[in-house]
Amino acid sequence: MRPYPLLLLALLACSDDEPATTAGSGGAGGDLICFADLDGDGYIAESCGGTDTCDDDERVHPEQEGYFETESACGGYDFNGDGFEEAQWTAAVECDSSPNGCETVVEGWSFPDIVPKCGTEHYWGCTTADNGTSCQGPISTTPKRVQRCR
Ligand SMILES: [Ca+2]
Ligand SMILES: [Ca+2]
């Protein structure tokens, strides 16, 4: 009796204790080992057929509603995996031009009025009530702020 076929079967069975799931076929090499949720956020990695576009960062998942100042572990600011980097604040500071002037406080980006890129710091300000003929703003209340995105 030849021992080689039994030895080969024993070697193939060694990977059963891996903490992983299998997904699909790896072709000639056997089943592809696939770690389903490495970051533990409850969403399966896209590479395993799930919806988590960055399984190395628990902040990234399709239900993410928060915005963040720093890039994800996979790079970029698409924290909900929709393919876009949505900025939290997109308005420039407003100066009410009605005859009575600024009656409300309207916050926004200022000096100059641009919407900064994700993770970038820029001046932030608001207008205040005026003297009856013109706006006194923009007046910075928080000198700078970092653009958050998701
Ligand atoms: Ca995950
Ligand atoms: Ca997004």
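Because the structure is a prediction, the values reported are computed rather than measured.

Broken down by element type, the protein carries one helix and five strands. Along the protein, from the amino end to the carboxyl end, the secondary structure elements read α-β-β-β-β-β. Sorting the 150 residues of the protein into buried and exposed places 18% on the buried side. Contacts in the protein between residues at least 24 apart in sequence constitute 33% of all its contacts with a sequence separation of at least 6.

Of all residues in the protein, 56% have pLDDT values of 70 or greater, and the mean over the chain is 74. Averaged over each element, pLDDT in the protein is lowest for helix α1 (residues 4-12) (35) and highest for strand β5 (residues 144-146) (91). Under a pLDDT of 50 for its full length, residues 1-29 has, in the predicted model, 19 contacts with residues more than four places off or in other chains.

Time to look at the environment of E85. One can find E85 in the loop between β2 (31-34) and β3 (107-109). Note: C-alpha distance between E85 and C149 (64 residues apart in sequence) is 6.0 Å. In this structure E85 touches G76, Y77, D78, C118 and C149, once residues within four positions along its chain are discounted.

Formed by C54, V60, Y77, F79, C118 and C149, the largest nonpolar core amounts to six residues. Among all residues touching C149, those that are not within four sequence positions of it are Y67, F68, Y77, E85, E86, A87, Q88 and C118.

Locating E121 in the fold gives a position in strand β4 (residues 121-126). Residues E121 and V146, spaced 25 residues apart in sequence, show a C-alpha to C-alpha distance of 4.1 Å. Among all residues touching E121, those that are not within four sequence positions of it are K144, R145 and V146.

Relative to the elements of secondary structure, D39 occurs in the loop between β2 and β3. On the basis of neighbour counts, which here come to 18 C-beta atoms within 10 Å, the residue D39 falls in the partly exposed class. Along the primary structure D39 and E58 are separated by 19 residues, whereas in three dimensions their C-alpha atoms are 5.1 Å apart. Once you skip the residues sitting within four places of it in the chain, D39 turns out to touch D55, D56, D57 and E58.

Calculation criteria
- Every chain begins its residue count from 1, and numbering advances along the sequence as written.
- All chains are assigned letters beginning with A, and all ligands numbers beginning with 1, in the order in which they are written.
- Owing to the predicted nature of the model, reporting of local features is limited to residues with pLDDT of at least 70; listing and counting of side-chain atom pairs is limited to 80 or more, with chain, interface and lining totals taken over all residues.
- Secondary structure counts use DSSP, requiring at least four H or I residues in a row for a helix and at least two E residues in a row for a strand, with both numbered from the N terminus.
- Buried residues are those with 20 or more other C-beta atoms within 10 Å of their own C-beta, exposed residues have 12 or fewer, and partly exposed residues lie in between; C-beta atoms are placed from the backbone.
- Think of it this way: build a C-beta for each residue from its backbone, and any pair within 7 Å is a contact.
- As a per-residue measure, pLDDT tells how confident the predictor is, with possible values from 0 to 100.
- In plain words, the nonpolar core is the set of buried Ala, Val, Leu, Ile, Met, Phe, Trp, Tyr and Cys residues that C-beta atoms within 7 Å link up.

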